[in-house]
Amino acid sequence: MYPIKRNRRLRTSEAIRSLVRETIISPSDFLVPLFVVEGKGIKEEIASMPNYHRFSLDLLENEVKALWKLGLKSVLLFVKVPDNLKDNKGTEALNPNGLMQRAIKTVKNVCPEMLVMTDVALDPYSSFGHDGIIENGKVINDDTVEALAEMSLSHAEAGANFVAPSDMMDGRILAIRETLEDEGHVDTGIMSYSAKYASAFYGPFRDALDSAPADVKDIPKDKKTYQMDYANRFEALRETEMDIDEGADIVMVKPGLCYLDIVREIKNEVDVPVAVYQVSGEYSMLKAAAEKGWLDHDAVMMEQITAIKRAGADVIASYFAKDVVKLIS
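Please read these numbers as outputs of a predicted model, since none were measured by experiment.

Asker: How do you make sense of the overall build of the chain when you look at a structure like this?
Answerer: A tally of helices and strands in the chain yields eleven helices and twelve strands. By the compact-globule yardstick of 20 Å for 329 residues, the chain fits well, its C-alpha radius of gyration being 20 Å. A principal-axis box enclosing the C-alpha atoms of the chain has dimensions of 75 × 45 × 40 Å. The burial tally for the chain puts 54% of its 329 residues in the buried class. Sequence-distant contacts, at least 24 apart, represent 73% of the contacts inside the chain between residues at least 6 apart. Taken as a whole, the chain presents about 15,400 Å² of accessible surface, with 49% of it coming from carbon and sulfur. Treating the 39 positive side-chain charges of the chain as one cloud and the 53 negative ones as another, the clouds have centres 10 Å apart.

Here you go:
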């Protein structure tokens, strides 16, 4: 007696596998992180992120055009701020002619239809490398939230479509939403890093922006007092629900692969789009292993990206975006 139902019939060829495939990757899935620096003619590879670069504004134009040509229509901007412009309060973040503000305008000038999201956190601007203002050896919440709200307003005034608070301060989504509304930026969206874990996978990113916590006496050496404990699951749901209640349009889980259970939990519970950030450490590990010949770069890359979308991601912020799109096209 043979089985009437043979599941392998749907696996017999690439044609049938493609026809019944549940999870499809497309350029529209991706949000492309871009690192921006001062200067001209600069395209410098990040040592700990092979084949990923920092761009000066003139070469940022070329990169944005190339992304759009590939069908990648959304970018997430980060800036590397010169040390002489850093202080404890992140004052430079509010400069209307600051690097972030000019980067926003550069992208919009060269490609008006490109969706521009901006990182909102003080660590690139902080002399201590923290996401908030330091007082008496602690990262203080409420004064930081005020600064983040003003920073968000500055980005909106420069032309950002979405601001993306990555700081994990309490109450910052409501403060940002109210500030944007009060100033007439009712269409500026908020993508909240709602479940951002205190992860060891961020190292290459901090190299890219020179934003690691400073080794200074009586100053926290890590970000565990505001980023989430990676052992926690229900806390992620509470944080996400609070951010939605405060006005977040998109919520994010960060990092990606080690937190796909959290992605699925959140996707099952909320009715807003869910983003996932496949972070620098995840990128660099695969690049390093592929360089050694230990892994098939493209095969593992596609498996990882598909797993993230299968888990429930509507938006994927990934340093692999260009590689993936070139491969699938």
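Asker: Would you mind showing me how to read the pattern of salt bridges here?
Answerer: One side chain can pair with another of opposite charge once the charged atoms of both are near each other. The final tally for this structure, using the stated rule, is 16 salt bridges. With a closest N to O distance of 3.3 Å, Arg17 and Glu14 form a salt bridge. One end of the pair is Arg17 and the other is Glu14, both in helix α1 (residues 14-19) and three residues apart, which spans about a single turn. Among the salt bridges present, the one from Arg102 reaches Glu38, with a minimum N-O distance of 2.5 Å. Here Arg102, found in helix α3 (residues 99-110), pairs with Glu38, found in the loop between β1 (30-36) and β2 (43-46); they are 64 residues apart in sequence, far enough to count as distant. According to the relative accessible area criterion, Arg102 is partly exposed, its value standing at 23%. On the basis of relative accessible area, Glu38 is assigned to the partly exposed category, the value being 33%. Shared partners join several salt bridges into a network, and the residues in it are Glu14, Arg17 and Arg21.

Asker: How should a nonpolar patch on the surface be read in this particular structure?
Answerer: Taken together, Leu10, Leu19 and Val20 make up a surface patch of nonpolar side chains, about 300 Å² in accessible area. Within the fold, Val20 resides in the loop between α1 and β1. Residue Val20 is classed as partly exposed on the basis of its relative accessible area of 39%.

Asker: Looking at this model, I keep getting lost on helix α2 (residues 57-69). Mind explaining?
Answerer: An α-helix turns once every 3.6 residues. As a result, residues three or four positions apart point the same way. A rise of 1.5 Å per residue sets the reference length of α2, with its 13 residues, at 18 Å; its end C-alpha atoms lie 19 Å apart and thus fit the reference within 8%. Taken together, the buried positions of α2 are occupied by Leu57, Leu60, Glu63, Val64 and Leu67. Seen from one end, α2 has its buried residues packed into an arc of 100 degrees, which puts them on one side. Once α2 finishes, Gly71 follows within two positions and takes phi at roughly 95 degrees, a positive value.

Asker: I'm lost on empty space enclosed by the protein in this one. Help?
Answerer: Where empty space is left becomes clear once a probe the size of a water molecule has been rolled over the atoms. Here the structure, examined in full by the defined rule, presents two cavities of 30 Å³ or more. There is about 110 Å³ of room inside the largest cavity. Taken together, 17 residues make up the lining of the largest cavity; nearest its centre are Asp123, Lys196, Phe205, Lys223 and Lys254. Within the residue set of the lining of the largest cavity, elements represented by two or more residues are β9 (189-196) and α6 (203-209). A per-element tally of the lining of the largest cavity places α6 first, with three residues. Counted by class, the lining of the largest cavity contains seven nonpolar, three polar and seven charged residues. Taken as a whole, the second largest cavity encloses approximately 40 Å³ of empty space. Residue classes in the lining of the second largest cavity are distributed as five nonpolar, no polar and three charged.

Asker: Any chance you could explain helix α11 (residues 321-328) here in plain terms?
Answerer: Along α11, the positions that sit buried rather than exposed are Ala321, Val324 and Val325. All buried residues of α11 project into a common sector of 95 degrees when viewed along the axis, lining one side. Contacts from the buried residues of α11 go to β1, α10 (297-311) and β12 (315-318).

Asker: I keep staring at the side chain of Lys196 and nothing clicks. Help me out?
Answerer: You can see Lys196 is positioned in strand β9. Buried charge without a partner: Lys196 forms no salt bridge, and the closest opposite charge is Asp131, 4.1 Å away. Side-chain polar atoms of Lys196 contact the backbone oxygen of Ser166, separated by 2.9 Å. Excluding residues within four positions of it along the chain, Lys196 makes contact with Asp131, Ser166, Met168, Tyr202, Gln227, Met228 and Lys254.

What counts, and at which threshold
Residues numbered from 1 in each chain as written. Predicted model: local features only at pLDDT ≥ 70, side-chain atom pairs only at ≥ 80, totals over all residues. Heavy atoms only, no water. Helix = DSSP H or I, 4+ residues; strand = E, 2+ residues; numbered from the N terminus. Rg over C-alpha atoms; globule rule 2.2 N^0.38 Å. Buried < 20%, exposed > 50% of the residue type's maximum accessible area, 1.4 Å probe, protein only. Contact = heavy atoms within 4.5 Å. Areas by Shrake-Rupley, 256 points an atom, 1.4 Å probe, with all protein chains shown as cover. Lys, Arg positive; Asp, Glu negative; His and termini not counted. Charge placed at Lys NZ, Arg CZ, Asp CG, Glu CD. Salt bridge = Lys/Arg side-chain N within 4 Å of Asp/Glu carboxyl O. Patch = residues over 30% accessible without salt bridge, like charges linked within 9 Å, V, L, I, M, F, W, Y side chains within 5 Å. Expected span 1.5 Å × (residues − 1). Arc of directions from axis to C-beta. 1 Å grid on protein atoms, 1.4 Å probe; cavity = no way out; pocket = protein on both sides within 12 Å on 5 of 7 lines; lining within 4 Å. Points joined across faces, edges and corners; volume = space filled by probe spheres on them. Nonpolar A, V, L, I, M, F, W, Y, C, P; charged D, E, K, R; others polar. Polar contact = N/O pair within 3.5 Å; in protein donor to acceptor, adjacent residues only side chain to side chain.

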